[in-house]
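Descriptive structure summary
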Amino acid sequence: MSRSTRPAQPSRNIFLVGIDVDSMGGSQRALHTLAQGFAERGHRVDLIGIRPSPEPHRYHGSPAYRHTTLYTTPPAPVWHARSLGERFNPVRLRRAHAERAERDRARARLTERFNAVDDGYVIIGSPWAADWLTAVEWPQLKGIGQYHESFLQARSSANLRLILRHYPRLEKSVFLSEGDAAEFRRHRLPNVCVMPNPLPFHHGQPAPLDTQRVGAVGRLEGIKRLDRLIDAFAHACADLPAWELHLFGDGPMEPALREQAARLGISDRVRFRGPVVDMATAYRELSVVALTSEREGRPMALAEASACGVPSVSFDLSPGVRELVEDGRTGILVSPGDTTAFATALRQLAEDAGLRERYGSAAREHVSSLELPAVLDRWETLFDEVDR
């Protein structure tokens, strides 16, 4: 899956470091996919999580890369004393001392790992990981910072400040779309380039698109706004009783979403599928993929659905979304938050099998450049550029 037509590359030491690399999510899947792909090409690969996941997901049955987690327990939330008594409380002081000792042990473990090699690359999976790494010395290694969200998301959080503080010191800062990269350049980030996340599976056979199922993939959490999708589906398919809505993933919003489906009288048509290991098979069960999130960077669900030949309906949330879905060619884009227009788009695809097939075929072709070998080739080119 990760083979290439490029000339043989030198074997490199590659460290991929993230805060939490084992939860079920798009950025985590991308790190594991890259780690496996690099390792299968003969590179020496370490995937390193700083803290353990509360709900770890197994991405590869037989990983070809080394995989470790630095903290033995999740770090405690940031705590601020509300009084002098709280600040000097003996129990609290002992706990703070234990937390500092655990952090120091974690950084010492990573320093030891880095010092075991003479050269190589550290691919940093997030600005928070870059912030944590400032206390670790690795002068013999070259750093590349990733960001898996949109510029809009960075601007509305602490991420933009962390990126502008830490990423200029690295060899490269990589973003998922041309539009987002341009925004970071406008903020005078000097080392910007674009690197998409790879598809985690080979495309295989396309979906038949005849199952009469709308699907959404991802954590059942507030930011995904699946309540909007349930509303839109109820309106779009009210008189199309054969159509169903399938939600892949789990999370804290599941009880509320079940209640909403029951309130709308469609609980028998909304299926909660839970986490799925074989996502390619899951996508091929669908006729349409829907995305109604509050914000997204370059969501892998849209890329993966397209690779399986499934058209998408999505809110127009970012340049990354627009790169993955060509409105009117591979799917339909709707103004963010407009559930009425979203329902209209779902209805259009539900009623027109020919349109689904045309969009699905075009979508499959559109994301062919995201196959793992092609993305790994781009990484090899980036490494060559950094080396020069």
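Relevant structure appears above.
Attention here is on the structure that accompanies the text. Sequence order as written defines the numbering, with residues in each chain counted from 1. Where totals are concerned, whole chains, interfaces and linings use all residues; where local detail is concerned, this predicted model gives features only for residues with pLDDT of at least 70, and gives and counts side-chain atom pairs only at 80 or more. The basis for every side-chain value is the complete set of non-hydrogen atoms in the structure, without hydrogens or water.

**Things to note about the sheet that holds strand E13 (residues 331–334)**
Think of a sheet as strands paired side by side through backbone hydrogen bonds, with each pair either parallel or antiparallel. Basically, it comes down to this: Think of it this way: DSSP has to see at least two bridges between two strands before they count as a pair. By definition, any uninterrupted DSSP run of H or I lasting at least four residues is a helix, any uninterrupted run of E lasting at least two residues is a strand, and each is numbered from the N terminus. Angular values range over 0 to 180 degrees, each being the angle between N-to-C directions of two axes fitted as lines to C-alpha atoms, with helices fitted over their stretch in contact.
An order of E10-E9-E8-E11-E12-E13 is seen for the six strands of this open sheet, with the pairing classed as parallel. Because the sheet does not close on itself, it has two edges, and the strands there are strand E10 (270–274) and E13. Looking at each pair of strands side by side, their axes are set apart by 20° on average, direction ignored. Note that strand E11 (residues 288–291) and strand E12 (residues 312–315) share three bridges and pair parallel.

**Thoughts on unusual backbone geometry**
To keep things clear, this is the line we draw: To sort residues, take the accessible area from a 1.4 Å probe on protein chains only and compare it with the maximum for the residue type: under 20% means buried, over 50% means exposed, and anything in between is partly exposed.
With phi around 65°, arginine 188 is a residue other than glycine that occupies positive phi space. Mapped onto the fold, arginine 188 is located in the loop between helix H7 (178–186) and strand E7 (192–194). The backbone of leucine 209 sits at a positive phi, close to 65°, despite the residue not being glycine. Along the chain, the position of leucine 209 falls in the loop between E7 and strand E8 (213–217). A residue is classified by how much of its surface remains accessible, and leucine 209, at 6% relative accessible area, is buried.

**Describing the pairing of E11**
Defined as follows: Looking down the strands as they point away from the viewer, one classifies a crossover as right-handed if the path from the first strand across the helix to the second runs clockwise.
The two faces of E11 match: Val288 and Ala290 on one face and Val289 and Leu291 on the other face are all buried. When E8 meets E11, the two strands line up parallel, connected through two bridges. The residue bridging glycine 215 from the neighbouring strand is valine 289, located in E11. Once the chain exits E11 it traverses helix H11 (residues 300–307) before rejoining the sheet at E12, and the crossover so formed is right-handed.

**Details of the nonpolar core**
The criterion, for reference: Side-chain atoms within 4.5 Å are what join buried Ala, Val, Leu, Ile, Met, Phe, Trp, Tyr and Cys residues into a set we call a nonpolar core. Whether two residues are in contact is decided by their heavy atoms, any of which lying within 4.5 Å being enough.
Residues Leu229, Leu247, Tyr283, Val313, Phe342 and Leu346 are the most contacted members of the largest nonpolar core, which totals 62 residues. Per-element tally for this core: the top contributor is helix H8 (residues 226–236), with seven residues. Residues in contact with phenylalanine 342, not counting those within four places in the same chain, are Leu229, Ala232, Ala290, Leu291, Thr292, Val313, Ser314, Phe315 and Val334. Residues Ile48, Ala106, Ala129 and Ala181 belong to the second largest nonpolar core, which totals 33 residues.

**Digging into helix H13 (residues 339–351)**
Since the α-helix turns once every 3.6 residues, residues separated by three or four places project in the same direction. Using the following cut-off: By this rule, a helix spans an expected 1.5 Å times one less than how many residues it contains. The directions considered for the arc run from the helix axis to the C-beta atoms.
Over its 13 residues, H13 extends 18 Å from the first C-alpha to the last, a length consistent with the 18 Å expected when each residue adds 1.5 Å. Inspection of H13 places Phe342, Ala343, Ala345, Leu346, Leu349 and Ala350 among the buried residues, and these make up the whole buried set. The buried residues of H13 occupy an angular sector of 160° when the element is viewed end-on, so they sit on one face. Turned more than 90 degrees away from the buried face of H13 sit Thr340, Thr344 and Glu351, all of them exposed. Buried residues in H13 make contact with E8, H8, E11, E12, E13 and helix H14 (353–366).

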